[in-house]
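Spelled out from the first residue to the last, the chains are:
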Amino acid sequence: MATYSLANERLRALEDIEREIGAILQNAGTVILELSKEKTNERLLDRQAAAFTASVQHVEAELSAQIRYLTQVATGQPHEGSSYSSRKDCQMALKRVDYARLKLSDVARICEQLLEN
């Protein structure tokens with residue numbers, strides 16, 4: 001159950017990042033709209049620019065943390081609650097077994113052909 005909890009937590013973090021990106025786009029839109037006016041409100045522009053910068057920095061930090069986590073999991077380094085490495089090892093072992101089975105059937109076929117001749 002701890003694995004599901006961790007996965008849900010990661011998904012919630014990604015959803016928060018997505019909402020933050022929406023806020024970034026909204027701030028950018030507000031700034032562009034304000035800049036298109038003949039007389040701009042400097043304080044509004046400053047507030048929106050500061051909010052935009054802070055949001056971008058927050059999203060960058062959160063995405064970097066997510067990428068670091070995924071890098072650890074994908075490279076097989078031990079990670080609490082992750083079974084990715086074990087599943088990948090199992091999948092690779094099954095592929096090797098299938099390949100060995102294929103090669104053995106080829107050898108058996110060749111042996112049968114040689115015995116018939």
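Since we're looking at a predicted model, the values are computed, not measured.

Draft legend 1. View of the overall build of the chain. Across its full length, the chain holds 3 helices and 0 strands. In sequence order, the secondary structure elements of the chain are arranged as α-α-α. Whereas a compact globule of 117 residues would reach a radius of gyration of roughly 13 Å, the chain reaches 28 Å, over 25% beyond that. Considering the chain as a whole, with its 117 residues, one finds that 12% of them fall into the buried category. Intrachain contacts of the chain at a sequence separation of at least 6 include 60% that bridge at least 24 residues. Put simply, the chain shows about 9,600 Å² of open surface, and 58% of that area lies on carbon and sulfur atoms. In the chain, 15 positive and 17 negative side-chain charges are present, and the distance between their average locations comes to 2 Å.

Draft legend 2. Structural view of the domain arrangement of the chain. Segmenting the chain into domains produces domain 1 (1-76) and domain 2 (78-116). Each of domain 1 and domain 2 has a C-alpha centre, and these two points are 45 Å apart.

Draft legend 3. Molecular detail of the packing of aromatic side chains. Under the criterion given, the structure shown has 0 aromatic pairs. Directly above the ring of Tyr-69 sits Arg-10, whose terminal nitrogen or CZ lies 3.7 Å from the centroid.

Draft legend 4. The pattern of salt bridges, seen in detail. Applying the stated criterion across every chain, the model contains 4 salt bridges. Two residues, Asp-16 and Arg-19, come together in a salt bridge whose shortest N-O distance is 2.3 Å. Remark: Arg-19 and Asp-16 occur in helix H1 (residues 2-36); sequence separation between them is 3 residues, near one turn of the helix. Among the salt bridges present, the one from Asp-106 reaches Arg-109, with a minimum N-O distance of 3.7 Å.

Draft legend 5. Main features of a nonpolar patch on the surface. Among the surface-exposed residues, Leu-11, Leu-14, Leu-63 and Ile-67 lie close enough to one another that they form a single nonpolar patch of about 340 Å² accessible area. Mapped onto the nonpolar patch, the elements with two or more residues apiece are H1 and helix H2 (42-74). Relative to the helices and strands, Leu-14 is located in helix H1.

Draft legend 6. Up close: the side chain of Gln-48. Considering the arrangement of structural elements, one finds Gln-48 in helix H2. Aside from chain neighbours lying at most four places away, what touches Gln-48 is Asn-27, Thr-30 and Val-31.

Criteria and cut-off values
Sequence order as written defines the numbering, with residues in each chain counted from 1. Given that the model is predicted, a residue must reach a pLDDT of at least 70 before its local features are reported, and side-chain atom pairs must reach 80 or more before they are shown or counted; all residues, however, enter totals for whole chains, interfaces and linings. The basis for every side-chain value is the complete set of heavy atoms in the structure, and neither hydrogens nor water enter the calculation. Each helix is a run of DSSP H or I of at least 4 residues and each strand a run of E of at least 2, with the numbering of both proceeding from the N terminus. With the radius of gyration taken over C-alpha atoms, the globule rule is written as 2.2 Å times the number of residues to the power 0.38. Relative accessibility under 20% of the residue-type maximum defines a buried residue, over 50% an exposed one, and the middle range a partly exposed one, all with a 1.4 Å probe and only protein chains included. Contact definition: two residues touch when any of their heavy atoms are within 4.5 Å. All accessible-area figures derive from a Shrake-Rupley calculation using a 1.4 Å probe, and residue coverage is judged against the displayed protein chains alone. His is not counted, nor are the chain ends, whereas Lys and Arg count as positive and Asp and Glu as negative. Where a charge sits is defined by one atom per residue type, namely NZ (Lys), CZ (Arg), CG (Asp) or CD (Glu). Where each domain starts and ends follows an automatic or database-derived domain assignment. Each Phe, Tyr or Trp ring, with Trp reduced to its six-membered ring, pairs with another whose centre is within 6.5 Å; inter-plane angles below 30 degrees give stacked pairs, above 60 give edge-to-face pairs, and intermediate values give tilted ones. Two limits define a charge over a ring: the Lys NZ or Arg CZ must be within 6 Å of the ring centre, and within 35 degrees of the ring normal. Salt bridge, as used here: a side-chain nitrogen of Lys or Arg that lies within 4 Å of a carboxyl oxygen of Asp or Glu. Residues enter patches when their relative accessible area tops 30% and they take part in no salt bridge; the joining distance is 9 Å for like charges and 5 Å for the nonpolar side chains Val, Leu, Ile, Met, Phe, Trp and Tyr.

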